[in-house]
Amino acid sequence: MTQTAPARPLALPIALVIACAIAGAMLAMGLRQSFGLFLAPMTTEHGWAARDFAFAIGLQVLINGISQPFMGQLADRFGGRRVVMGGAVLYCIAILGMALSESVLPFTFFAGLILGMAVSAAGMPTIIASLTRMLPPEMRGRATGLGTAGSSAGQFLVVPLAGFAIQGFGWQGALFAMAIAALFMIPLALPLADKQPAATPGVAADNETARSAMGRALRDPSFWYLSSGNFVCGLHVSFLTVHLPGFVHSCGLPLYVGAGAISMIGLFNIIGSLAAGELSQRWKRRELLVGIFAARAVLMTVFLLSEKTTATVLIFSAMMGLLWLSTVPPSLALCARNWGLRWLATIFGMVFVSHQIGGFTGAFLGGIIFDRTGSYDLMWVIGILAAVFAAVIHMPMRDGPRTQPVTA
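Heads up: these notes are all about the structure in this document.

Criteria and cut-off values
- Residues numbered from 1 in each chain as written.
- Predicted model: local features only at pLDDT ≥ 70, side-chain atom pairs only at ≥ 80, totals over all residues.
- Heavy atoms only, no water.
- Helix = DSSP H or I, 4+ residues; strand = E, 2+ residues; numbered from the N terminus.
- Rg over C-alpha atoms; globule rule 2.2 N^0.38 Å.
- Buried < 20%, exposed > 50% of the residue type's maximum accessible area, 1.4 Å probe, protein only.
- Contact = heavy atoms within 4.5 Å.
- Lys, Arg positive; Asp, Glu negative; His and termini not counted.
- Charge placed at Lys NZ, Arg CZ, Asp CG, Glu CD.
- Phe/Tyr/Trp six-rings, centres within 6.5 Å; stacked < 30°, edge-to-face > 60°.
- Lys NZ or Arg CZ within 6 Å of the ring centre and 35° of its normal.
- Patch = residues over 30% accessible without salt bridge, like charges linked within 9 Å, V, L, I, M, F, W, Y side chains within 5 Å.
- Areas by Shrake-Rupley, 256 points an atom, 1.4 Å probe, with all protein chains shown as cover.
- Salt bridge = Lys/Arg side-chain N within 4 Å of Asp/Glu carboxyl O.
- Axes fitted to C-alpha atoms, helices over the stretch in contact; angles between N-to-C directions.
- Parallel < 35°, antiparallel > 145°, perpendicular 65-115°, else oblique.
- Nonpolar A, V, L, I, M, F, W, Y, C, P; charged D, E, K, R; others polar.
- Expected span 1.5 Å × (residues − 1).
- Bend = angle between axes of the 7 residues up to and from the residue.

Summing up its helical and strand segments, the protein chain has 16 helices and zero strands in all. In terms of C-alpha radius of gyration, the protein chain reaches 20 Å, essentially the compact-globule figure of 22 Å for 408 residues. With the C-alpha coordinates aligned to their principal axes, the bounding extent of the protein chain is approximately 70 × 40 × 35 Å. Every one of the 408 residues in the protein chain was classed for burial, and the buried ones make up 57%. Restricting the contact set of the protein chain to residue pairs at least 6 apart, pairs at least 24 apart contribute 87%. Between the centroid of the 24 positive side chains of the protein chain and the centroid of its 15 negative side chains there is a distance of 10 Å.

Laid out in structure tokens, this is it:
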């Protein structure tokens, strides 16, 4: 029978650690989800095509995914605190670079490459994986749900503030304010002093190297099932984050309806993430993911066929919010159950690569389809078919660890 290493006692109150992790995830996600609001004003002023802006944001998502396993391994080796602090500094530099860019090339460098690495270092996967490792097993699912809900609260609070800042100070002034706000992630990272779990004699997984753990995951079909579903999740999230305001505007609705839609998704995902965290401790994580993606397919189909009014957009956004990041708690729980805690941030980062490849696809493909057809209808159909695929691909996934060999 496999033994589990005890959680390391916390030097700080658990409530303080969780609160700072939630606030950090809230700020990181809120800043990141605001960039879709800058598409219209920046492309209009600079004379860029929508696909130019969409490519830069899509590249950010892709670099985020590629660099996430490396940032996760740094967090596993040296603790999440240092990695998140470094990410906050990169966040500030990248946003300042975006504000000062006069052409597409430097904008793509800062918004795509630099910000992509910043999001990996200071983003939700690093923060939540570090928090998970610091808590006792009975609190991990709930804390993951709280952290994910905090990210959604950031989307709900920060995105409207960014919209007001654009209206009041212009897009460049809004970016300067966001760069300063990114530095507040540094003090919020101080309690994330997670360390490697203490080795327990006789438990092989405690002494496993990163390379061995990664190889074990890559040889497991369940890893690829989970990664495929995360690809679809990323496609949905990036398409809606980058293009939903533009889609709303193309339907003849005011710009504030698009900002309200993104904010509404964040508000209702607080409920969805908390519910997913609780259900991850009570239900099979596999069945929970199947249900989430099946519900997305139905919801997107109904919305595509409905008349686009302010009411239907906001209702769709609220319902999608319940399903938005609710995939994170069961996905992280599956990683912990199937491949252990020692290299959790690394393996979850590997899964997250596919999420961000899907994110790049959703952001960039949405821009290409709109530029060529003048409509997002084809992209909505692709999103619906992808949701059906994700619901099916999770069905054969293993939801529990295999017996690990015990060393003498």
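Applying the stated rule across the entire model yields 18 aromatic pairs. Summarising the aromatic geometry, the rings of Phe 370 and Tyr 376 are spaced 4.7 Å apart at their centres and angled 15° between planes, so their arrangement reads as stacked. Among the residues examined, Phe 370 registers a relative accessible area of 25% and is labelled partly exposed. For Tyr 376, a relative accessible area of 6% gives the class buried. Site record: aromatic cluster; members linked through ring pairs are Phe 239, Phe 247, Phe 303, Phe 316, Phe 370, Tyr 376 and Trp 380. One residue, Lys 308, lies across the ring of Phe 303, its end atom 5.3 Å from the ring centre.

A separate point is a nonpolar patch on the surface. A surface patch of nonpolar side chains, amounting to about 220 Å² of accessible area, comprises Val 89, Ile 93 and Leu 183. With respect to the helices, strands and loops of the structure, Val 89 is situated in helix α4 (residues 80–100).

The subject of this paragraph is the packing of helix α1 (residues 14–32) against helix α6 (residues 124–134). Between α1 and α6, the least distance of the axes is 10 Å, while the angle of their chain directions is 170°. When the axis of α1 is compared with that of α6, the two are roughly antiparallel. Seen from α1, the contacting residues are Val 17, Ile 18, Ala 21, Gly 24 and Ala 25; seen from α6, they are Ile 127, Leu 131 and Met 134. Looking at the contact of α1 with α6, its residues break down into seven nonpolar, one polar and no charged.

With that settled, consider helix α11 (residues 255–280). For α11, built from 26 residues, the straight-helix expectation of 38 Å at 1.5 Å per residue is met to within 8% by its first-to-last C-alpha distance of 37 Å. At Asn 269, α11 shows its maximal bend, which comes to roughly 30°.

Looking now at the environment of Met 397. Structurally, Met 397 can be placed in the segment after α16 (377–393). Sequence separation between Met 397 and Gly 246 is 151 residues; the distance between their C-alpha atoms is 37 Å. Non-local contacts of Met 397, meaning those with residues more than four positions away in its chain, are made with Ser 222, Tyr 225, Leu 226, Arg 286, Leu 334, Asn 338 and Trp 339.

Spatial relationships are all this shows, so hold off on functional conclusions.
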